[in-house]
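Letter by letter, the chains look like this.
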There are 2 protein chains.
Amino acid sequence: MRPLARVSVERACSWVDEATRHLELEDVPLEEAAGRVLGVDLRAAEAIPRADCAAIDGFAVLAAASIGAGTYNPLTVAAIAIRAGEPMPPGTDAVLPACQVEANRLGQIDLIEPVAAGVNVDRRGAVAEAGEMLVAEGTCLTPRHLGLVALAGFTGLSVVRRPRVRLVIANKPRAGATDGNGPMLRALIERDDGLAIKAGLSDAFGPGADIIVIIGGGEDNQLTAAIASAGSLDIHGVALIPGETAGFGRTADGTPVLLLPAAPAACLWNYELFAGRAIRRLGGRPPVLPYNSRQVITARKIVSPIGMTEICPIHRLADGRIAPETSFVEAGLRAAVAADGFVIAPAQSEGYPAGASVNAYFYDAY
Amino acid sequence: MRPLARVSVERACSWVDEATRHLELEDVPLEEAAGRVLGVDLRAAEAIPRADCAAIDGFAVLAAASIGAGTYNPLTVAAIAIRAGEPMPPGTDAVLPACQVEANRLGQIDLIEPVAAGVNVDRRGAVAEAGEMLVAEGTCLTPRHLGLVALAGFTGLSVVRRPRVRLVIANKPRAGATDGNGPMLRALIERDDGLAIKAGLSDAFGPGADIIVIIGGGEDNQLTAAIASAGSLDIHGVALIPGETAGFGRTADGTPVLLLPAAPAACLWNYELFAGRAIRRLGGRPPVLPYNSRQVITARKIVSPIGMTEICPIHRLADGRIAPETSFVEAGLRAAVAADGFVIAPAQSEGYPAGASVNAYFYDAY
């Protein structure tokens, strides 16, 4: 293999950002929209609720009729049985709870205290007035968003199309181990809401993919030469540990091609930082790493070579500080499973001294 | 409706915990295991890698043969071309990078400095020794776990069965609004990795479900009476805002039945705190609310009635403090979409004063 002209992680991220913009929109039924990225602002077509309605099961009354009611002056007022969510009958403006009062056969109830207008009534427009913004473009739709927009009468939504990711495993499995890259990459692509389409190297460059991800491609001189001559190979080599052989190019028709290293830990991190970023951007999602991060204090020194960005596995101590774990270079993919998270030591530094405040990413979801 | 004998949120959670334990295990192919909960400890059957192997493409050499090499004393040593991941040939113990050296036709290279044994070699057992723990029982499997266990040769995994959730929408849609509970609940159940199976009220209580969730059931006296007589209705009414009409019972054959209020915001929060907790427990997941939480400072007072646990929507200020948003009682489900998160004001308190340190949950994923 020829020597690599390694670029910085930041430069590689810029390449990804220039090569990707969010895909066109498509319509999906509301029931299938969870996890998708909304492509347009959703506004209330009319007020929600459209009319004042009962907040609870009970009896609708006119508050004014209860003025003067008291223990020694019970007032008998007209009452209409109503269920939660039903519109208030004309001439009523308050609801008494079904569990506290009972109506007689004439539909009247006895009140021993006055009722305030509006009690237990959901007012017209309380959730949203007509025209008000409900959910903004770019929102990743969660169950509560679906509940609100269903309530507003939407049955289908315009969302960013899911990126089609052609996944090519060009490397042979490593000695003494089964290939783990295929299952890992498929799951990563699905996590980022891409559609993974497995293909062989001979089908790698045809139409129909939004991005092409080739595992082991950066280590294959024939392949990199072919990409360079048919399209472009803009970057070959990134100053990242684990993994230095990533390549970034385009096919003749402009589709981005990302070549990831075959070593499992290097494959993982080149996906996370570059391929995943591209897929998240194509799908309209935040490009950042999809892990929680926060400032924490290092309990021990974290060592990393100058000139290389290094993903350093860490574990969390009982006191909330962090300490380094066996590196990806030593423990491979195991370092991503045994650790609680990681810090990214930038190329300009030799790591962090003990007692430093660093931005750490954690694997646990909450 | 009869008056409710409201229990505390804590009591309702205890009921859920007593009524649920994790389901039996099932085998799934590795490719389908992302997001599932591992049912057994996974240990390495043999060392990973099984043999010393090349970490990079290059030439395998014997380090001892390079002793004494220098610029003025180049040594010609035997070298064997090797690709990353291939086992080291007998009699070699270091790899020189393909991009830095070239072999002659006799398979020899000239060295101008000594090579250290073990350089660019992935040692046998570096990822894991035979018998070492790879992933522990109870882990929710992410892509990186799949990569590691695939590498270790596993092709199928034993995981906790997904809970079958019978979902019954017993309420009519509210006036002036479409039903949002159905789509919201389906998405919530899927988020918690349950299998939502929609059914009508007439099919609610048959076999085949691990849990039965009935929306609007707590407001239906006939239904609650039927559950009480056929099985048990252990709780009816929870001191929670939004939503006080939740019911918790069991069918004759012991299947838990959760009755959620029909008002959308109340439906959401009774799902999150109780039905979701039950489903997460059945599936072997952490029962806690699936949102990030952390200690933050209140910029303004958060008011909540004593005697009731209240979910209080909040927004985040630029300085990192939080302030209350329009409540669920006023804004309904919109308060779950417009807010950045929520705090849970306990029943014993009247909320929090300005400047208090509170545990806040945030909706954004990272």
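Residues numbered from 1 in each chain as written. Chains lettered and ligands numbered in written order. Predicted model: local features only at pLDDT ≥ 70, side-chain atom pairs only at ≥ 80, totals over all residues. Heavy atoms only, no water.

> Mind showing me how you'd approach the overall build of chain A here?
Across its full length, chain A holds seven helices and 25 strands. Dimensions of chain A, computed from the C-alpha atoms along their principal axes, are close to 95 × 50 × 35 Å. A buried classification covers 53% of the 366 residues belonging to chain A. For chain A, long-range pairs separated by at least 24 residues make up 74% of all intrachain contacts whose partners lie at least 6 apart in sequence. For chain A, the computed accessible surface area is about 15,300 Å², with 53% contributed by carbon and sulfur atoms. Distance from the positive charge centre (32 side chains) to the negative charge centre (40 side chains) of chain A: 6 Å. (Helix = DSSP H or I, 4+ residues; strand = E, 2+ residues; numbered from the N terminus. Buried < 20%, exposed > 50% of the residue type's maximum accessible area, 1.4 Å probe, protein only. Contact = heavy atoms within 4.5 Å. Areas by Shrake-Rupley, 256 points an atom, 1.4 Å probe, with all protein chains shown as cover. Lys, Arg positive; Asp, Glu negative; His and termini not counted. Charge placed at Lys NZ, Arg CZ, Asp CG, Glu CD.)

> Sorry, what's going on with the sheet that holds strand 6 (residues 80-82) of chain A here?
Sheets are built from strands paired through backbone hydrogen bonds, the pairs being either parallel or antiparallel. Residue and element names in this part refer to chain A. Pairing is antiparallel across the open sheet formed by three strands, whose spatial order is 6-4-7. Two strands close off the open sheet at either side, each with one partner strand: strand 6 and strand 7 (94-97). Geometrically, the sheet is characterised by an average inter-axis angle of 40° between neighbouring strands, direction not taken into account. With three bridges connecting them, strand 4 (residues 58-61) and strand 6 associate as antiparallel partners. Within the sheet, the bridge partner assigned to Ala-60 lies in strand 6 and is Ile-80. (Pairing = 2+ DSSP bridges. Axes fitted to C-alpha atoms, helices over the stretch in contact; angles between N-to-C directions.)

> Is there a simple way to explain the relation of the copies chain A and chain B in this structure?
Related by rotation about an axis and a shift along that axis, the two copies of the chain form a pair. The two copies are related by a screw motion: chain A maps onto chain B through a turn of 180° and a shift of 0.0 Å along the axis, at an RMSD of 0.1 Å. Such values leave the two copies arranged in the relation of a two-fold axis. Interface residue correspondence from chain A to chain B reaches 97%, placing this contact among same-surface, isologous pairings. (Least-squares fit on C-alpha atoms with pLDDT ≥ 70 in both.)

> Honestly, the packing of aromatic side chains in this entry has me stumped. Any pointers?
Aromatic ring pairs: the centre-centre distance and the angle between the two ring planes describe each pair. Taken as a whole and assessed by the stated rule, the structure comprises 16 aromatic pairs over all chains. Where B:Phe248 meets B:Phe274, the ring centres are 5.2 Å apart and the plane angle is 75°; that geometry is what we call edge-to-face. You can see B:Phe248 sitting in strand 17 (residues 247-250) and its partner B:Phe274 sitting in helix 5 (residues 264-282), a full 26 residues away along the chain. Considered together, B:Phe248 and B:Phe274 belong to a single accessibility category, that of buried residues. A centroid spacing of 5.6 Å and a plane angle of 80° characterise the contact between B:Tyr291 and B:Tyr363, whose relative ring orientation is edge-to-face. With B:Tyr291 in the loop between helix 5 and strand 19 (292-297) and B:Tyr363 in the segment after strand 25 (357-362), this residue pair connects regions lying 72 residues apart in the sequence. On the accessibility criterion, B:Tyr291 (11% relative accessible area) is buried. Lying across the ring of B:Tyr363, A:Arg144 places its NZ or CZ 3.6 Å from the centre. (Phe/Tyr/Trp six-rings, centres within 6.5 Å; stacked < 30°, edge-to-face > 60°. Lys NZ or Arg CZ within 6 Å of the ring centre and 35° of its normal.)

> I keep staring at the side chain of B:Arg144 and nothing clicks. Help me out?
Examined against the element boundaries, B:Arg144 turns out to sit in helix 2 (residues 143-151). Here B:Arg144 is buried and forms no salt bridge, its nearest opposite-charge partner A:Glu272 lying at an N-O distance of 6.8 Å. With sequence-adjacent residues up to four places away left out, B:Arg144 is seen in contact with A:Met184, A:Leu268, A:Leu333, A:Ala336, A:Val337 and A:Tyr363. (Salt bridge = Lys/Arg side-chain N within 4 Å of Asp/Glu carboxyl O.)

> How do you make sense of the interface of chain A and chain B when you look at a structure like this?
Each partner contributes to the interface: chain A provides 66 residues, whereas chain B provides 64 residues. Carbon and sulfur atoms supply 61% of the area that chain A and chain B bury against each other, a total of about 5,200 Å² over both sides. In this assembly, chain A and chain B are joined by two salt bridges. The salt bridge partner of A:Glu132 is B:Arg334, with a shortest N-O separation of 3.1 Å. The interface formed by chain A and chain B includes nine residue pairs in polar contact (both at pLDDT 80 or more). Looking at the side of chain A that touches chain B, the elements that each hand over two or more residues are strand 3 (53-54), strand 10 (133-135), helix 2 (143-151), helix 3 (181-191), helix 5 (264-282), helix 6 (328-331) and helix 7 (334-338) of chain A. (Buried area = accessible area lost by both parts, 1.4 Å probe. Polar contact = N/O pair within 3.5 Å; in protein donor to acceptor, adjacent residues only side chain to side chain.)

> Is there a simple way to think about the sheet that holds strand 13 (residues 195-199) of chain B in this case?
Residues and elements named next belong to chain B. Pairing in this open sheet of six strands is mixed, and the strands run 13-12-14-18-17-15 from one edge to the other. Lying at the two open borders of the sheet, with one neighbouring strand each, are strand 13 and strand 15 (232-236). The mean inter-strand angle of the sheet, taken between neighbouring strand axes irrespective of direction, is 20°. Bridge count between strand 12 (residues 164-169) and strand 14 (residues 211-215): five bridges; the pairing is parallel. Following the sheet pairing, Leu-167 is matched in strand 14 by Val-213. Across the face of the sheet, helix 1 (residues 9-19) comes into contact with strand 15, strand 17 and strand 18 (256-260) while running at roughly 25° to strand 17. Docked against the sheet, helix 5 engages strand 12, strand 14, strand 17 and strand 18, running at close to 165° with respect to strand 18.

> It is not clear to me how the confidence of the model for chain A should be interpreted in this structure. Could you clarify?
One rule of thumb: low pLDDT means the predicted coordinates there are not for detailed reading. Confidence in the prediction of chain A, expressed as mean pLDDT, is 91, and 96% of residues score 70 or more. Complex prediction metrics read pTM 0.91 and ipTM 0.89. (pLDDT = per-residue confidence, 0-100.)

> Quick question: what am I supposed to make of the nonpolar core here?
If you look at soluble globular proteins, the nonpolar side chains tend to sit buried side by side. Ranked by size, the top nonpolar core spans 71 residues in total, and within it A:Leu157, B:Val238, B:Phe248 and B:Phe274 carry the most contacts. With eleven residues, the single largest contributor to this core is helix 5 of chain B. A:Leu167, A:Ile235, B:Ala150 and B:Leu157 belong to the second largest nonpolar core, which has 70 residues in total. (Core = buried A, V, L, I, M, F, W, Y, C linked by side-chain atoms within 4.5 Å.)

> Looking at this structure, how should I read the pattern of salt bridges?
Side chains that carry opposite charge are capable of pairing whenever their charged atoms lie near each other. All names here are of chain A. All told, the structure shown has 36 salt bridges over all chains when counted by the stated rule. With a shortest N-O distance of 3.9 Å, Arg-36 and Asp-193 are connected by a salt bridge. Note that Arg-36 is positioned in the loop between strand 1 (25-29) and strand 2 (42-43) and Asp-193 in the loop between helix 3 and strand 13 (195-199), a separation of 157 residues in sequence. No difference in accessibility class separates Arg-36 from Asp-193, as the two residues are buried. Ionic pairing is found between Arg-161 and Asp-210, a salt bridge with its closest N-O pair at 2.9 Å.

> Quick question: what am I supposed to make of the packing of helix 3 of chain A against helix 5 of chain A here?
Angle between the axes and distance between the axes are the two parameters that describe a pair of packed helices. All names here are of chain A. Orientation of helix 3 relative to helix 5, taken along the N-to-C sense of each, is 25°, at an axis distance of 10 Å. The angle between helix 3 and helix 5 places the two elements in the roughly parallel class. When you trace helix 3 past helix 5, the crossing you get is right-handed. Every residue of helix 5 that contacts helix 3 at Asn-181, Met-184, Leu-185, Leu-188, Ile-189 and Arg-191 is listed here: Pro-264, Cys-267, Leu-268, Tyr-271, Glu-272, Ile-279 and Arg-280. (Parallel < 35°, antiparallel > 145°, perpendicular 65-115°, else oblique. Left-handed = near helix turned anticlockwise from the far one by under 90°.)

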